[in-house]
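What follows is the residue order along each chain.
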Amino acid sequence: MASKTDRFLSLRAVRQLRRVRAFYAVGVALWTISALWTGWHSPGGRQMWTSVLLLTIFTGLLLTASLWLKRLRTATAALAGPARHAASPRTAAPSRHAHA
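Residues numbered from 1 in each chain as written. Predicted model: local features only at pLDDT ≥ 70, side-chain atom pairs only at ≥ 80, totals over all residues. Heavy atoms only, no water.

### A closer look at the overall build of the chain
Part 1: When you go through the chain residue by residue, the secondary structure sums to 3 helices and 0 strands.
Part 2: By residue count, 16% of the 100 residues in the chain fall in the buried class.
Part 3: Long-range pairs, those at least 24 residues apart, make up 76% of the contacts in the chain with a sequence separation of at least 6. (Helix = DSSP H or I, 4+ residues; strand = E, 2+ residues; numbered from the N terminus. Buried < 20%, exposed > 50% of the residue type's maximum accessible area, 1.4 Å probe, protein only. Contact = heavy atoms within 4.5 Å.)

And the structure:
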């Protein structure tokens, strides 16, 4: 059985990776727009290739963060153990009260 500290650390890592993934997604969107814009105005120029390089870097970072997040989610699900139901069998029975 894993300790509670491991579970909290992995939950914190999942939250942080979600934020980082969102940041990288915005970076990919901005560098895509920049690469298209500079490619339209000066195709083959240094600015266009710089934008394409940064787009490639941000895309790689986004894919890496997504892969880590997927792995952490499966690890966190394994740490959680069996699912617990919110309603007990006693409260799940239908009510015998008369309704008006």
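The discussion continues.
### Side note on the nonpolar core
Part 1: If you look at the biggest cluster of nonpolar residues, it comprises 9 residues: Val14, Leu17, Tyr24, Val28, Leu55, Phe58, Leu62, Ala65 and Leu69.
Part 2: Elements that contribute at least two residues to this core include exactly helix 1 (4-41) and helix 2 (46-80). (Core = buried A, V, L, I, M, F, W, Y, C linked by side-chain atoms within 4.5 Å.)

### Considerations on the environment of Leu30
Part 1: Summarising the element assignment, Leu30 is placed in helix 1.
Part 2: Since its relative accessible area comes to 54%, Leu30 is described here as exposed.
Part 3: Here the alpha-carbon distance between Leu30 and Phe58, two residues 28 residues apart in the chain, equals 10.0 Å.

### Considerations on the packing of aromatic side chains
Part 1: Taken as a whole and assessed by the stated rule, the structure comprises 3 aromatic pairs.
Part 2: Relative to Tyr24, the ring of Phe23 lies with its centre 5.9 Å away and its plane at 55°, an arrangement referred to as tilted.
Part 3: With relative accessibility at 18%, the residue Tyr24 sits in the buried group.
Part 4: Relative to Phe58, the ring of Phe23 has its centre 6.3 Å away and its plane inclined at 50°; by these criteria the two rings are tilted. (Phe/Tyr/Trp six-rings, centres within 6.5 Å; stacked < 30°, edge-to-face > 60°.)

### Regarding the environment of Ala25
Part 1: Along the polypeptide, Ala25 turns up in helix 1.
Part 2: Taking the C-alpha atoms as reference points, Ala25 and Phe58, 33 residues apart in sequence, are found 7.8 Å from one another.

### Remarks on the side chain of Ser51
Part 1: Note on placement: Ser51 falls in helix 2.
Part 2: A polar contact is formed between the side chain of Ser51 and the side chain of Ser34, at a distance of 2.9 Å.
Part 3: Once residues within four sequence positions are removed from consideration, Ser51 is found in contact with Trp31, Ser34, Ala35 and Thr38. (Polar contact = N/O pair within 3.5 Å; in protein donor to acceptor, adjacent residues only side chain to side chain.)

### Focus: the side chain of Thr38
Part 1: Here Thr38 lies in helix 1.
Part 2: Since its relative accessible area comes to 12%, Thr38 is described here as buried.
Part 3: Apart from the residues within four sequence positions on either side, Thr38 is in contact with Pro43, Gln47, Met48 and Ser51.

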